[in-house]
There are 2 protein chains.
Amino acid sequence: MSAMGDLLAHAAQTAALEQVTGRLHWDQETMMPKGAAAQRAEEIAAMEGVLHARRTDPALGELLETAQAETDFEASSLRLISRSYQRATKIPARLAAELARTASLAHGVWAKARAEDDVAGFLPVLEQLITLRREEAACLSGETRGAALYDALLNDYEPEMRASEIAALFDAMRPRLVALRAAILEKPMPAAISGDFDEAAQLALTREIALAFGYDLDKGRIDLAVHPFSSGSGSDSRITTRVARDDPFNALYSTIHEVGHACYEQNINPLYHLTALGQGASMGVHESQSRIYENQLGRSLPFVTWLYGQMQTAFGGLSTDSPAALYAAINRVAKGYIRTEADEVQYNLHIMLRFDLEQALISGDLAVGDLEGAWNDRFMADFGFAVDRPSHGVLQDVHWSAGLFGYFPTYALGNVYAGCLMQALRADVLNLDAALAQGNPRPATDWLRERLQRHGSLKPPRQTIEDAIGGPVSPEPLLRYLEEKFGALYGL
Amino acid sequence: MSAMGDLLAHAAQTAALEQVTGRLHWDQETMMPKGAAAQRAEEIAAMEGVLHARRTDPALGELLETAQAETDFEASSLRLISRSYQRATKIPARLAAELARTASLAHGVWAKARAEDDVAGFLPVLEQLITLRREEAACLSGETRGAALYDALLNDYEPEMRASEIAALFDAMRPRLVALRAAILEKPMPAAISGDFDEAAQLALTREIALAFGYDLDKGRIDLAVHPFSSGSGSDSRITTRVARDDPFNALYSTIHEVGHACYEQNINPLYHLTALGQGASMGVHESQSRIYENQLGRSLPFVTWLYGQMQTAFGGLSTDSPAALYAAINRVAKGYIRTEADEVQYNLHIMLRFDLEQALISGDLAVGDLEGAWNDRFMADFGFAVDRPSHGVLQDVHWSAGLFGYFPTYALGNVYAGCLMQALRADVLNLDAALAQGNPRPATDWLRERLQRHGSLKPPRQTIEDAIGGPVSPEPLLRYLEEKFGALYGL
């Protein structure tokens, strides 16, 4: 029986005893002989003693606490199941299946088009996906045009968030990111790491670091895939990675990133597994975990200092001669086409480009046939050099081929949330740097588990973050973190 | 099994099927042969079909609705049981029993003192009760002085209400009530009803009217008592009445009043009986029901017009010759000492007097020995004539002898709430007057049951009223009702 059931049974008995006392009072006013007053006072005092003991029963205090947790769980389940039901009943079954089928097929079409730098080969299926998602957005929003369409899609990934809020956030971030990049690019560029890194050694080190970050391989797997991703939840939370012989950081940091996602899923309260609460609160909150694991922790000076020794051992030496040089190489800000390879400073600028273009695609302001040109123009304006080929431009990302319009901005939200979390974490966890310098991120991941991950979808996304950081969300901590970190690195 | 249990089981199966789809996606990215893409698209579309059917299952819509009601019930139970637990654990068992014993004994002491007009005989036990209640208030509030003490006691009867809010309400009402009374008292006073009214006939008519108002005698009783009261709840909701041979309105209107209380208890959702929700939301809300039954309905012109015929039949004639004269007699505004006999215009002024005096008793600003003088001075100031004996003054009410400090203002709140309810009821229930003119208040009592009574303590008091009236609480409807009714009656 549930605590709520026990609590209600306890309350029912108390209510029955209160009624008994009520009968004594009724009797006193209607039937009782006058001379019985003193005895009645004792009877009522005795009943009050029984009632007071019941009302203050310590077991009641414990039941109340457990029942409150049960109620929170049920209220959140109701909210989420209801939202899913409201959403699903607006979508015809035909459209739901057609979207799933088209997205599945489009994946192969896009992969081929990207491999062949063949934009035209991808556009027909992209057009289909946009048509289907616009139709879906119209079903969801009840509108056929305007901002409501994109907001309806965004809502799938970041509930309760509007594009206008994200645009305001991006407007606040852009000038400081652009200024920081400009200042960095005027400085000499640190040397990159070069060499030939044994794949087995890379995978062994990667696996060791995944475990250090708390990934439980008893409830997960690490496999190879073209694009790293995480999949599943609860006790089957898997990740994939990829290995490049000339770039050990590809496997390493994509793994730490996916470990952030997978640990979030693994660390959700086991009672929530296979319930509506048993997943991350939103894509933005999810991304905050992968980002803080990868960047704020994994690319920090103390952790990289520890990593320097590990890499020397694993690969029998390195092309750089100090932890500081490795740190500079890992946090190198360089011109580049590819979002997934972007440094922390430029990453959000890649997102802003996609956010604006996909809103225009959904609103119909941008025709699919004009997408490549729009991308290339915008890239030149934002990054100052020309896209050399479609696989470095409009074809680089898998998302639109999966119909994921409204997903990209959650990456930038994740960065903002990670900035807020890191500020709160630093205030709470002293000696964090000392632990990281020993290759031990557990003080941080324990904090994240307790403050955020274990709650799953118990609370709405914004509340999930705000409760974890103890205040409102702001881009300021992320911007300050970037300005301080890269200011120190580049002597700004 | 509960709807919530069914809902969670349904959601768990959906979540499991979503995980199955997740495995297909994982496989597609890691292990699937390239040539399987088209078949995989069909597999995923088929799974999406299964999922969409589950997510839009009409049974899910019904479960959601029922589970929402269960959750509301549980959340309210938790709130109320938790409040009771928090309250009770602050009170030592000794104090709880001592209060119950003293209040029980004090009842007889007060009754004797009132019968003998012997203030001094009552003061020692009153002093004890004040000391015990102050001690209780200090336990509850954590304060030893100031407004928090009285607020802690008020909170027992009207949760979430503060004395300062009530004082502001009274300040807004007083000038218009005083002005209305002054204008009325300058006019000729209507004749009262006189005669000798057979007690059995009175009780028979009273019983018939109780049934007309919806009182269920299968789950209640009407007995004789010195002071009319209601007792019990749910399927044992009793009332008492009293009969005076020279005043048939004493039995009649005290019965309609108590029927309002008892119908509220009887009409609460049967699922709430013997639970924390199975009582009226507060004393103020409770009083709104007794008041609207007694005054806005029972003392209305159409109902009194019907009553005129009934009384002529029951008593073989009346000392007045028209329904209009009976209506004027029943709504006569006259000088008087006694709160329970006060007309609608002056009633709240009696409450304001008690509200101020009892706050002073609890704060310690007024010593028990000075209470009678304070009462008499204040009565002279408020009513313009002197109290002639204690049983017409400070000894008239039973409440303080029961330790009920903080209870009186809920009567005036009940009047204010009744004013709001009557305004909303009139807007919703057309032909109300036609039904009342046939001795049928059921359109009104049905509306009150549906809009308010059935919810019991599901919602906090203010929300209970606001949901019923569809807006915020204000004294304006009551004041306008009084000014219109008595303006018309007295030709103001």
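The model shown is predicted, which means the values in this text are computed figures rather than measured ones.

Draft legend 1. Highlighting the overall build of chain A. Broken down by element type, chain A carries 19 helices and three strands. When the backbone C-alpha atoms are referred to their principal axes, chain A occupies close to 105 × 55 × 40 Å. Counting only residues that meet the buried cut, chain A has 44% of its 492 residues in that class. Of the contacts formed within chain A by residues at least 6 apart in sequence, a portion of 72% connects residues at least 24 apart.

Draft legend 2. Fine view of the relation of the copies chain B and chain A. The two copies are related by a screw operation: chain B maps onto chain A through 180° of rotation and 0.0 Å of translation along the axis, at an RMSD of 0.2 Å. Expressed as a symmetry operation, the mapping of one chain copy onto the other fits a two-fold axis. Taking the C-alpha atom as reference, chain B places T71(B) closest to the rotation axis, 3.6 Å from it. Most of the interface of chain B is mirrored in chain A, where 98% of its interface residues are also at the interface.

Draft legend 3. A look at the interface of chain B and chain A. Taken together, the contact pairs 62 residues of chain B with 62 residues of chain A. Contributing elements (two or more residues each) for the side of chain B that touches chain A: α1 (3-30), α2 (37-55), α3 (58-89), α4 (93-115), β2 (230-233) and β3 (236-241) of chain B. For the side of chain B that touches chain A, the leading source of residues is α3(B), giving 16 residues. Looking at the side of chain B that touches chain A, its residues break down into 31 nonpolar, 22 polar and nine charged.

Draft legend 4. Highlighting helix α17 (residues 442-451) of chain A. All names here are of chain A. Buried residues of α17: A444, T445 and L448, and no others. Taken down its axis, α17 places every buried residue within 95° of arc, on the same side. On its buried face, α17 is in contact with α9 (248-267), α10 (283-297), α15 (409-428) and α16 (432-436).

Draft legend 5. Fine view of the pairing of strand β2 (residues 230-233) of chain A. Residues and elements named next belong to chain A. Relative to strand β3 (residues 236-241), β2 is paired through four bridges, and the arrangement is antiparallel. Bridge pairing in β3 places S233 opposite D236. In this antiparallel pair of consecutive strands, β2 and β3, the connection spans two residues, and G234 shows a positive phi of 60°.

Draft legend 6. Quick peek at helix α15 (residues 408-428) of chain B. The end-to-end C-alpha separation of α15(B) is 31 Å, in line with the 30 Å expected for 21 residues at 1.5 Å each. α15(B) sits mainly inside the fold: 16 of its 21 residues count as buried.

Draft legend 7. Local environment of the nonpolar core. In terms of nonpolar packing, the biggest core is built from 106 residues, with F213(B), V259(B), I362(B), Y417(B) and L421(B) touching the most fellow members. With eleven residues, α15(B) is the largest single contributor of residues to this core. Setting aside its immediate chain neighbours within four residues, L421(B) contacts S288(B), I292(B), L448(B), A468(B) and I469(B). Among the nonpolar cores identified, the runner-up in size contains 105 residues, and Y150(A), A210(A), C263(A) and M352(A) belong to it.

Draft legend 8. Examining unusual backbone geometry more closely. Although it is not a glycine, E160(A) sits at a positive phi angle of roughly 70°. Note on placement: E160(A) falls in the loop between α6 (147-157) and α7 (163-185). You will see that N431(B), though not glycine, has its phi angle at about 60°, which is positive. Tracing the sequence through the fold places N431(B) in the loop between α15 and α16 (432-436).

Draft legend 9. Main features of the sheet that holds β2(B). Strand order in the open sheet formed by three strands is β1-β3-β2 (chain B), and the pairing between neighbours is mixed. Both outer strands of the open sheet, β1 (222-224) and β2 of chain B, are each paired with one neighbouring strand and no more. Averaged over all adjacent pairs, the angle separating strand axes in this sheet is 20°, with direction ignored. Across the face of the sheet, helix α1 (residues 3-30) of chain A comes into contact with β1, β2 and β3 of chain B while running at roughly 160° to β2(B).

Draft legend 10. Layout of the environment of R101(A). Relative to the helices and strands, R101(A) resides in helix α4 (residues 93-115). Residues R101(A) and L217(A) lie 116 residues apart in sequence; the distance between their C-alpha atoms is 32 Å. Look past the residues within four positions of R101(A) in its chain and what remains in contact with it is A41(B), E42(B), I44(B) and A45(B).

Draft legend 11. Geometry of the sheet that holds β3(A). Read across the open sheet, the three strands follow the order β1-β3-β2 (chain A); overall the sheet is mixed. Every interior strand has two partners, whereas the edge strands, β1 (222-224) and β2 of chain A, have only one. For this sheet, the mean angle separating the axes of adjacent strands, direction not counted, is 20°. Most of the contacts of α1(B) go to β2(A), to which it runs at about 160°, and overall it touches β1, β2 and β3 of chain A.

Draft legend 12. Structural view of the packing of helix α10 (residues 283-297) of chain B against α15(B). All names here are of chain B. Closest axis-to-axis distance for the α10/α15 pair is 7 Å, and the angle between their directions is 60°. Taken together, the axis directions place α10 and α15 in an arrangement best described as oblique. As for how α10 packs across α15, the hand of that crossing is right-handed. The residues of α15 that touch α10, namely those facing M283, G284, V285, H286, E287, S288, R291, I292, N295 and Q296, are T410, Y411, L413, G414, N415, Y417, A418, L421 and M422.

Draft legend 13. Region of interest: the environment of D356(A). Residue and element names in this part refer to chain A. Looking at where D356 falls in the secondary structure, it is placed in helix α13 (residues 347-363). On the basis of neighbour counts, which here come to 17 C-beta atoms within 10 Å, the residue D356 falls in the partly exposed class. C-alpha separation for the pair D356 and T313, spaced 43 residues apart in sequence, amounts to 46 Å.

Draft legend 14. The domain arrangement of chain A, seen in detail. Residue and element names in this part refer to chain A. Each domain of chain A was delimited in the assignment, giving domain 1 (3-80) and domain 2 (147-492). Just the C-alpha atoms count here: the centres of domain 1 and domain 2 sit 54 Å apart. Contacts between domain 1 and domain 2 engage five residues on the former and five residues on the latter. A per-class count over the side of domain 1 that touches domain 2 returns two nonpolar, two polar and one charged.

What counts and what doesn't
- Residues numbered from 1 in each chain as written.
- Chains lettered and ligands numbered in written order.
- Predicted model: local features only at pLDDT ≥ 70, side-chain atom pairs only at ≥ 80, totals over all residues.
- Helix = DSSP H or I, 4+ residues; strand = E, 2+ residues; numbered from the N terminus.
- Buried ≥ 20, exposed ≤ 12 C-beta atoms within 10 Å, placed from the backbone.
- Contact = placed C-beta atoms within 7 Å.
- Least-squares fit on C-alpha atoms with pLDDT ≥ 70 in both.
- Nonpolar A, V, L, I, M, F, W, Y, C, P; charged D, E, K, R; others polar.
- Arc of directions from axis to C-beta.
- Pairing = 2+ DSSP bridges.
- Expected span 1.5 Å × (residues − 1).
- Core = buried A, V, L, I, M, F, W, Y, C linked by C-beta atoms within 7 Å.
- Axes fitted to C-alpha atoms, helices over the stretch in contact; angles between N-to-C directions.
- Parallel < 35°, antiparallel > 145°, perpendicular 65-115°, else oblique.
- Left-handed = near helix turned anticlockwise from the far one by under 90°.
- Domains from an automatic or database assignment.

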